[in-house]
Amino acid sequence: MTHAIENLIPEYLRGLPVYVPGRPIEDVERELNIHAIKVASNENPLGPSPMAMEAVKRILGESNRYPDGGTHRLREKLAGIFGVDSDEIFIGLGSSELIDLASRVLLRPGKTGVTSEGSYAPFSIAIRANGGELELVGLRDFAYDLEEIAQVVTQDTGVVYLANPNNPTGTAFSGAELEKFLAGVPATTMVVLDEAYIHYADRPDMPKSVDLFRKHKNLLILRTFSKVYGLAGLRIGFGIGEKHLVTAMNKLRTPFNVSGIAQVAALAALDDGAHVARSIESNRTERARLFGAMKEMGMRPAPSETNFIFVNVGPEAAKTCDELLHMGVIVRPLGWMGLPEAIRVSVGTVEENGKFLSAMAQVLEKRAGKSELTAR
Ligand SMILES: *Cc1c(COP(=O)(O)O)cnc(C)c1O
């Protein structure tokens, strides 16, 4: 009987990998009976925007009502901020929903979707789950190889996914590189530009994506409230894209995809410039501290434009994550993302980063002790 049910699942879905989320902190604490910190999912360690929390408290009592399924106020506000039409804005259940909807609209058997190896796993899943053929291009120096990606794009390519800055490697490409890329791909190929970490990027030549969107209507820009705004748990994100695409995505989404609480929180968070500034500043300082301390320990962290640090630790990466876990520090192993020798550490609070660094130092000391023994 179970076998018969399994046969109902289309072949292309059976082969899909399962997305592996970071382990919940309560889980780890219960299992190991320790106090743990989670620096595994790139959340805002300072918490949600206080203004968003206040706004949420005020409307909790209206939870018997359906939310505004058209997300009018939020779309109007974002349209004003970005200087686009409110019909060019799509509000989603996190940017995750937009990643999937883009492929649902644009792909079908016979179409291909392109992204990079060593990038955000939901891109590949969206392409394959919607019947497209997945083409993966290798990373170059842990960054997107835009020239190679442009090479593999054909008239049959419905969508290209680019995360800038990239998760999990933390690298970013410049505005000039993106412009060259857009000039080199057909106007019929949608380029989905996921800017989840854009607030944290410090390089001065980052793309001005909304300006590029005015020239290139095959650009779909994704932003999220999950990172710098600290609202990951409320599930809300948005996209800026061409009207016909936005309309098609609206037809496919569920009618009340985003809760009223999430909408109100997002509106308030956009006004909370102080929280955004505080979050960026704390990240900048602590990212530099983590980077410096890791180098001093003899590690080779990759320079990061994000709120996390990617570091190759060698064949013992999975073991390292496990040892850190047992010391109450949850980091992200990347083997399931095709990077078996690397780990990803989110930039936490001052205390959290201190705890990670001292646990990491202990792991490295233990390793060094062992290799000394075998050398003797
Ligand atoms: C964290 C992250 C997001 C955010 O996803 P949500 O569904 O908005 O929480 C999007 N893209 C990338 C690459 C991310 O790392």
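In the block above lies the structure referred to throughout.
Residues numbered from 1 in each chain as written. Predicted model: local features only at pLDDT ≥ 70, side-chain atom pairs only at ≥ 80, totals over all residues. Heavy atoms only, no water.

## A word on the site of the ligand
Looking at the ligand, the residues that line it are Gly94, Ser95, Ser96, Tyr120, Asn167, Asp194, Ala196, Tyr197, Thr224, Ser226, Lys227 and Arg235. Contact distances for the ligand include 2.7 Å between an oxygen atom and a side-chain N or O atom of Asn167. Between an oxygen atom of the ligand and a side-chain N or O atom of Lys227, the distance comes to 3.3 Å. Compared with its free state, where it exposes 390 Å², the ligand has 94% of that area covered by protein. (Near = heavy atom within 4 Å. Polar contact = N/O pair within 3.5 Å; in protein donor to acceptor, adjacent residues only side chain to side chain. Areas by Shrake-Rupley, 256 points an atom, 1.4 Å probe, with all protein chains shown as cover.)

## Looking at the sheet that holds strand E8 (residues 237–240)
The pairing of strands in a sheet happens through backbone hydrogen bonds and is either parallel or antiparallel. If you trace the seven strands from one edge of the open sheet to the other, you get E2-E8-E7-E6-E5-E3-E4, paired in mixed fashion. Either end of the sheet is taken by a strand with one partner, and the two such strands are strand E2 (89–92) and strand E4 (133–137). Here the average twist between neighbouring strands, direction ignored, is 20°. Here strand E5 (residues 157–163) runs beside strand E6 (residues 190–194); their pairing, made up of five bridges, is parallel. Along E6, the bridge assignment pairs Val160 with Val191. (Pairing = 2+ DSSP bridges. Helix = DSSP H or I, 4+ residues; strand = E, 2+ residues; numbered from the N terminus. Axes fitted to C-alpha atoms, helices over the stretch in contact; angles between N-to-C directions.)

## Some points on the pattern of salt bridges
Enumeration according to the criterion identifies 20 salt bridges in this entry. With a shortest N-O distance of 4.0 Å, Glu11 and Arg14 are connected by a salt bridge. On the criterion of helical spacing, the pair formed by Glu11 and Arg14 is a turn pair, its members being three residues apart in helix H2 (residues 11–14). The partner of Lys180 in a salt bridge is Glu147, and the shortest N-O contact between them spans 3.3 Å. Remark: Glu147 occurs in helix H8 (residues 146–152) and Lys180 occurs in helix H9 (residues 175–184); sequence separation between them is 33 residues. Judged by relative accessible area, which is 55%, Lys180 ranks as exposed. (Salt bridge = Lys/Arg side-chain N within 4 Å of Asp/Glu carboxyl O. Buried < 20%, exposed > 50% of the residue type's maximum accessible area, 1.4 Å probe, protein only.)

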